[in-house]
Amino acid sequence: MTQDRIVMCMKWGTLYPADYVNVLFNACRKTISGPFRFVCLTDDSRGFDARIKAFPIPDIGCTPEMWRFGAWPKLSVFSLDLYGLRGRALFIDLDTVICGPLDRFFDYAAPFIGIDTGVNWRPGGRPGGENALLGTGVFAFDIGKESQILTGFQADRQAVFNSCELEQVWVQKAASSLAYWPEGWVISFKRWLRQTIGLDLFLPPKNPPATAGMVAFHGDPRPIALLQPGNGRWDRLPHLGHGQVAWMREYWIGNGGTLPTFKETMP
């Protein structure tokens, strides 16, 4: 029996406009063969493409502090019953660019798969090992099969928050088992594509390699910042990245996004 494939994302607050959700949806439509569902857990679905299924973010008892620091509401995806959804979920953060086929991300066999964001998250790195550091920017799991991650958090929310600070630290501790995406499947914009300090004054970021499936924009800059026109700087000192990045514009416009104003793009 073929398992349902579900791409899942989450949006709350005003940091990411609806364009981020729609662009991600359209990029997934182009890079996933066969049927899949696209689900967004959100507090505001205004502006979403009508084909996106939106659900409220489940209330798992996060305090205001937990909403502000880290991504603790993300743990709600590990509910035993998540709106009746069933199948294999591929969770993708909104500040992620799709640059290759995604079928392999559903086909990779492991109960829980995430990014190794530690020392190995760079060209030539070997994900996994005792120094692995889980990142939950892109992860896959069977819906309802990792509910101990959520129930363990809910058993003593404040203690877990105080000891872990970031939700991904807790997931690394509580997951039934861990696997990591192979080298180059999910690459870091900062570590793979951003030019070195000084050189970034003269050269634009590198294009994503053909072997990559996704580019993760963790922290600043965010994808939308690379769309500002002219020579405006989108990176923070001592980095000097500036100007509109051609491949990002092509990706954004090609997947139905609109160009933001300069004020909206500044990191």
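Since the model is a prediction, treat every value here as computed from it, not as a measurement.

**Student:** An account of the overall build of the chain is requested, with residue identities and associated values reported.
**Tutor:** Secondary structure summary: the chain contains 9 helices and 10 strands in total. Since a compact globule built from 267 residues should have a radius of gyration of about 18 Å, the 18 Å found for the chain is in line with a globular shape. C-alpha atoms of the chain, sized along the principal axes, occupy 50 × 45 × 40 Å. Residue burial in the chain is summarised as follows: out of 267 residues, 53% are buried. Nonlocal contacts in the chain, meaning residues at least 24 apart in sequence, comprise 73% of its contacts between residues at least 6 apart.

**Student:** Explain helix 5 (residues 157–164) to me, using residue names and the numbers behind them.
**Tutor:** Side chains of residues three or four places apart in an α-helix project in the same direction, reflecting 3.6 residues per turn. Looking only at helix 5, the buried set comprises V160, F161 and C164. Take helix 5 and look down its axis: the buried residues cluster within an arc of 100°, on one side only. For helix 5, the exposed residues set more than 90 degrees away from the buried face come down to N162 and S163. Packing partners of the buried residues in helix 5 comprise helix 2 (64–68), helix 4 (147–155) and helix 6 (167–174). The first or second residue beyond helix 5 is E165, which carries a positive phi of 65°.

**Student:** Can you explain the pairing of strand 6 (residues 112–116)? Please cite residues and give values.
**Tutor:** Most of strand 6 sits out of view: 5 of its 5 residues are buried. Where strand 6 lies against strand 8 (residues 179–180), 2 bridges are found, and the strand directions are parallel. Directly across from I113, in strand 8, lies its bridge partner A179.

**Student:** Outline the packing of aromatic side chains, supporting the account with residue identities and numerical values.
**Tutor:** Counted according to the given criterion, the structure contains 20 aromatic pairs. Pairing F25 with F38 gives two aromatic rings, centres 5.3 Å apart and planes at 75°, and the pair type is edge-to-face. Here F38 lies in strand 2 (residues 37–42) and F25 lies in helix 1 (residues 18–31), a separation of 13 residues in the sequence. Of the two residues examined, F25 and F38, each falls in the buried class. The rings of F78, F91, F112, F139 and F141 are connected pair by pair, giving a single aromatic cluster. Directly above the aromatic system of W185 lies the positively charged group of R104, at a separation of 4.5 Å from the ring centroid.

**Student:** A description of the sheet that holds strand 1 (residues 5–11) should follow, citing residues and the corresponding values.
**Tutor:** In spatial order, the strands read 3-2-1-4-7-6-8; together these 7 strands make up an open sheet with mixed pairing. The strands lining the two open edges of the sheet, one partner per strand, are strand 3 (53–56) and strand 8. As paired strands, strand 1 and strand 4 (residues 88–92) are joined by 4 bridges and run parallel to one another. Among the inter-strand pairings, V7 is bridged to a residue of strand 4, identified as L90. Docked against the sheet, helix 6 engages strand 6, strand 7 (134–142) and strand 8, running at close to 45° with respect to strand 7.

What counts, and where the lines are drawn
- Residues numbered from 1 in each chain as written.
- Predicted model: local features only at pLDDT ≥ 70, side-chain atom pairs only at ≥ 80, totals over all residues.
- Heavy atoms only, no water.
- Helix = DSSP H or I, 4+ residues; strand = E, 2+ residues; numbered from the N terminus.
- Rg over C-alpha atoms; globule rule 2.2 N^0.38 Å.
- Buried < 20%, exposed > 50% of the residue type's maximum accessible area, 1.4 Å probe, protein only.
- Contact = heavy atoms within 4.5 Å.
- Arc of directions from axis to C-beta.
- Pairing = 2+ DSSP bridges.
- Phe/Tyr/Trp six-rings, centres within 6.5 Å; stacked < 30°, edge-to-face > 60°.
- Lys NZ or Arg CZ within 6 Å of the ring centre and 35° of its normal.
- Axes fitted to C-alpha atoms, helices over the stretch in contact; angles between N-to-C directions.

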